[in-house]
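The lines below spell out each chain.
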Amino acid sequence: MDPAFIFGVVIAFGALLAMITMEGASIDALLLPAPMILVLGATIGVGIASHTFRDTILAVKSLGRMIRGPKTTPEAVIPFLVTYAERARGDGLLSLERELDGAPDDFTRNALQALADGMDARDLRTVMEDETSAASARNRVAAKFYSSLGGYAPTIGIVGTVVSLTHVLERLDEPDHLGPMIAAAFVATLWGLLSANFIWHPIAGRLNRIGASDQERMNLVTEGMLAIHAGSAPHVVQERLEALAGVKVRATSKKPEEVPA
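Basis of the calculations
Residues numbered from 1 in each chain as written. Predicted model: local features only at pLDDT ≥ 70, side-chain atom pairs only at ≥ 80, totals over all residues. Heavy atoms only, no water. Helix = DSSP H or I, 4+ residues; strand = E, 2+ residues; numbered from the N terminus. Polar contact = N/O pair within 3.5 Å; in protein donor to acceptor, adjacent residues only side chain to side chain. Contact = heavy atoms within 4.5 Å. Patch = residues over 30% accessible without salt bridge, like charges linked within 9 Å, V, L, I, M, F, W, Y side chains within 5 Å. Areas by Shrake-Rupley, 256 points an atom, 1.4 Å probe, with all protein chains shown as cover. Salt bridge = Lys/Arg side-chain N within 4 Å of Asp/Glu carboxyl O. Buried < 20%, exposed > 50% of the residue type's maximum accessible area, 1.4 Å probe, protein only. Axes fitted to C-alpha atoms, helices over the stretch in contact; angles between N-to-C directions. Parallel < 35°, antiparallel > 145°, perpendicular 65-115°, else oblique. Left-handed = near helix turned anticlockwise from the far one by under 90°. Nonpolar A, V, L, I, M, F, W, Y, C, P; charged D, E, K, R; others polar.

1. Here we look at the side chain of Ser-95
1) Next: With respect to the helices and strands, the residue Ser-95 is situated in the loop between helix H4 (78–91) and helix H5 (106–116).
2) Next: Within the local environment of Ser-95, its side chain forms a polar contact with the backbone oxygen of Gly-92, the two atoms lying 2.5 Å apart.
3) Next: Setting aside chain neighbours within four positions, we find Ser-95 in contact with Arg-87 and Ala-88.

2. With respect to the side chain of Glu-223
1) Next: Locating Glu-223 in the fold gives a position in helix H7 (residues 175–229).
2) Next: Apart from residues no more than four positions distant in its own chain, Glu-223 is found in contact with Arg-125, Arg-240, Leu-241 and Leu-244.

3. Re a nonpolar patch on the surface
1) Next: Among the surface-exposed residues, Met-1, Ile-6, Val-10 and Ile-67 lie close enough to one another that they form a single nonpolar patch of about 400 Å² accessible area.
2) Next: Following the sequence through the fold, Ile-6 ends up in helix H1 (residues 4–22).
3) Next: A relative accessible area of 42% places Ile-6 in the partly exposed class.

4. Looking at the packing of H4 against helix H8 (residues 234–245)
1) Next: One way to put it is that H4 packs onto H8 with a least axis distance of 9 Å and a crossing angle of 155 degrees. On the basis of their axis angle, the class for H4 and H8 is roughly antiparallel. Considering the relative orientation of H4 and H8, their crossing is right-handed. When H4 is examined against H8, the residues Ile-78, Leu-81, Val-82, Ala-85, Glu-86 and Arg-89 are found in contact with a partner set consisting of Pro-234, Val-237, Gln-238, Leu-241, Glu-242 and Ala-245.
2) Next: A per-class count over the contact of H4 with H8 returns eight nonpolar, one polar and three charged.

Rendered as structure tokens:
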């Protein structure tokens, strides 16, 4: 699990709390139910209205992945692919079926199964690239959903402030209460800006980053599997993947299991 999101949000809200405390203000003055309900509820509502229910469900499901972070880094799959190349070089592509249970992810597992089943290289590339494109498209939909919430929230906060100020103008005959009422009116604007920049935009940004990492990993697996299919030597596979990833990896590959005579 990658704790960056939780860590960053805690720092952001902690800095806000520190400012409130240092200025001698009260946190209770900001935790007003009415503006919070308007901003958060209306933001989510218009976000759903601007997308389909399928998009909304996809966005909600992506929250778990957003918090957990990428399953693995792109460079972490290189040792696995080098091991598969050694296995295929020594025992043939059919022997890759023995590596299915230890595959780092479903995408790699499906590719191994396709290699073991004797899929043509052109078909293998098409299938893997299509799966990569589909995964990237799903991630973009989820990220765009939360990015749209970040765009709506400040404007909805202003709507809440206007509504509250209208109520203030109706009570100009009570000057003793005008100060607190005006202050409360601007809480809606605060929550609009706060939720956009402390919650929605960070979620969208993190989903985009995770999606980019996953796509890079899937591209590496695709090129590695095609190199294995072509019969490339393990060291050639490793050098090509390291060049694509822009890293140097010490491949801790395991020797192929002995096949009984």
